[in-house]
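Coordinates in review
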Amino acid sequence: MKIANPYLNAPAGAWLRGNLHTHTTASDGAQPIQKVVDDYAALGYDFLSISDHDIFTGEADYAKLDGHGLVLIPGNEVTRNGVHLLHVGADRLLEPHADRQQVIDEINASTGFAVINHPNWLVDFNHCPFPLLDQWQGYVGMEIYNGTIGRLDGSPYATDKWDRLLVQGRRVWGFANDDSHLPGADIGLGWNMVGTADRSVSGILDALRRGCFYGSTGVTITSISVNGNRIRVETAGADRIIAYQQVGREFANVEGASLEVEVPANARYVRFECLGRGGRAAWTQPFFIESE
Ligand SMILES: [Zn+2]
Ligand SMILES: [Zn+2]
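Reading the values: rules and limits
Residues numbered from 1 in each chain as written. Chains lettered and ligands numbered in written order. Predicted model: local features only at pLDDT ≥ 70, side-chain atom pairs only at ≥ 80, totals over all residues. Helix = DSSP H or I, 4+ residues; strand = E, 2+ residues; numbered from the N terminus. Rg over C-alpha atoms; globule rule 2.2 N^0.38 Å. Buried ≥ 20, exposed ≤ 12 C-beta atoms within 10 Å, placed from the backbone. Contact = placed C-beta atoms within 7 Å. Core = buried A, V, L, I, M, F, W, Y, C linked by C-beta atoms within 7 Å. Pairing = 2+ DSSP bridges. Axes fitted to C-alpha atoms, helices over the stretch in contact; angles between N-to-C directions. pLDDT = per-residue confidence, 0-100.

Next up on the list: the overall build of the protein chain. Summing up its helical and strand segments, the protein chain has six helices and 19 strands in all. At 18 Å, the protein chain has a C-alpha radius of gyration in line with the 19 Å of a compact globule built from 292 residues. Within the protein chain, the fraction of its 292 residues that count as buried is 48%. Across the protein chain, every contact between residues at least 6 apart in sequence was considered, and the portion connecting residues at least 24 apart equals 63%.

Of all hydrophobic cores here, the largest spans 76 residues; its most connected members are Ala114, Val115, Met142, Ile144, Val194, Ile204 and Cys274. The contacts of Ile144, once residues within four sequence positions are left out, are Tyr157, Ala158, Thr159, Trp162, Gly174, Phe175, Ala176, Gly215 and Trp283.

This paragraph deals with the sheet that holds strand β7 (residues 113–116). An order of β5-β6-β7-β8-β9 is seen for the five strands of this open sheet, with the pairing classed as mixed. At either margin of the open sheet sits one strand with a lone partner, and together these are β5 (77–78) and β9 (173–177). Bridge count between strand β8 (residues 141–146) and β9: five bridges; the pairing is parallel. Within β9, the position partnered with Met142 by the bridge is Gly174.

What follows concerns the sheet that holds strand β16 (residues 258–262). Overall, antiparallel pairing links the three strands, which are arranged β12-β13-β16 in an open sheet. Among the strands making up the open sheet, the edge pair consists of β12 (220–227) and β16. Across this sheet, the average inter-strand angle for adjacent strands is 10 degrees, counted without regard to direction. Pairing analysis gives seven bridges linking β12 to strand β13 (residues 230–236), with the strands arranged antiparallel. Within the sheet, the bridge partner assigned to Ser223 lies in β13 and is Glu234.

Residue Asp54 is not a glycine yet carries a positive backbone phi of 55 degrees. Its place among the elements puts Asp54 in the loop between β3 (47–49) and α2 (59–62). Residue Phe125 is not a glycine yet carries a positive backbone phi of 55 degrees. Locating Phe125 in the fold gives a position in the loop between β7 and α4 (130–135).

On to the environment of Gly67. Locating Gly67 in the fold gives a position in the loop between α2 and β4 (71–73). The exposure class assigned to Gly67 is partly exposed, which follows from the 16 C-beta atoms found within 10 Å. Here the alpha-carbon distance between Gly67 and Ala41, two residues 26 residues apart in the chain, equals 7.9 Å. Dropping the residues within four chain positions of it, Gly67 is found in contact with Val37, Tyr62 and Leu72.

Moving on, we come to the pairing of strand β11 (residues 213–216). Taken residue by residue, a regular strand's side chains alternate between the two faces of the sheet. Of the two faces of β11, the one lined by Phe213 and Gly215 and the one lined by Tyr214 and Ser216 are each fully buried. In terms of strand pairing, strand β10 (residues 191–195) meets β11 through four bridges, oriented antiparallel. The residue of β11 that forms the bridge with Val194 is Phe213. Note: β11 against strand β18 (residues 281–283), two bridges, orientation antiparallel. Residue pairing in the sheet places Ser216 in a bridge with Ala282 of β18.

With that out of the way, let us pick up the confidence of the model for the protein chain. When pLDDT is averaged across the protein chain, the result is 97; 100% of the residues are at 70 or more. No element of the protein chain has a lower mean pLDDT than strand β19 (residues 287–290), which averages 95, and none a higher one than β3, which averages 99.

Checked against the element boundaries, Val254 lands in strand β15 (residues 249–255). Its 12 C-beta neighbours within 10 Å are what place Val254 among the exposed residues. Linking Val254 and Ile221, residues 33 residues apart in sequence, is a C-alpha distance of 16 Å. Non-local contacts of Val254, meaning those with residues more than four positions away in its chain, are made with Arg240, Ile241 and Leu259.

Next up, the structure:
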């Protein structure tokens, strides 16, 4: 059994915290960009991407701000004409074609990558129906947690659709973002912890593309290691850890802050959810099992 470990090259202790989905008064956010940057800096974030609706925010915009040392990543939320998706690390504004595969292809021809947003938003919990996620190719990830959807219709979580993709061997990473529009309540709900010692736009984007990050709403993963056919996860703040394989099937579910499992012989992938007090959680990326 060969386990593909996305955290293989994570430097010990070097994790950067950031949010990739943020609105300002340039679209329908409530605060101007400087105030939004101030708020994330005050929470100790390392990186942030402004992603207004069909508006490109790039280096020239960030150069006018006091960034407080935050790594500011160019972005846009492709919005009109269909399912919303993030253009992370954008270099220009792209046309929001109704054919989202065309948008994803154009994103991949740019400096950035695509993340499908809040799949389970709206009254039918189905902003992005599974057949579209299944059909589209070339996106790097999807939001498995979107904080702002918690106060709107539908569900902020989308691990259900994620598991359906993963069991087919689709290499799609799970992102946790705020999608913040309002000050206070929307800020600091969900974030990504990125394993890289390279504190730059390119360093963070590179680690994200490789899946060397995990999503969190408050639980910290302190160590993830693979040894033979065993995987060990250690946390600060989890009081229960669940290991999943296949389509939402638990193969370990234990109380405690750490868990070591033997990967089941027939697993196609495994992933871990680390649950803590007050609904806090952390989600590892999937470890794909490759036959030798
Ligand atoms: Zn959206
Ligand atoms: Zn948004």
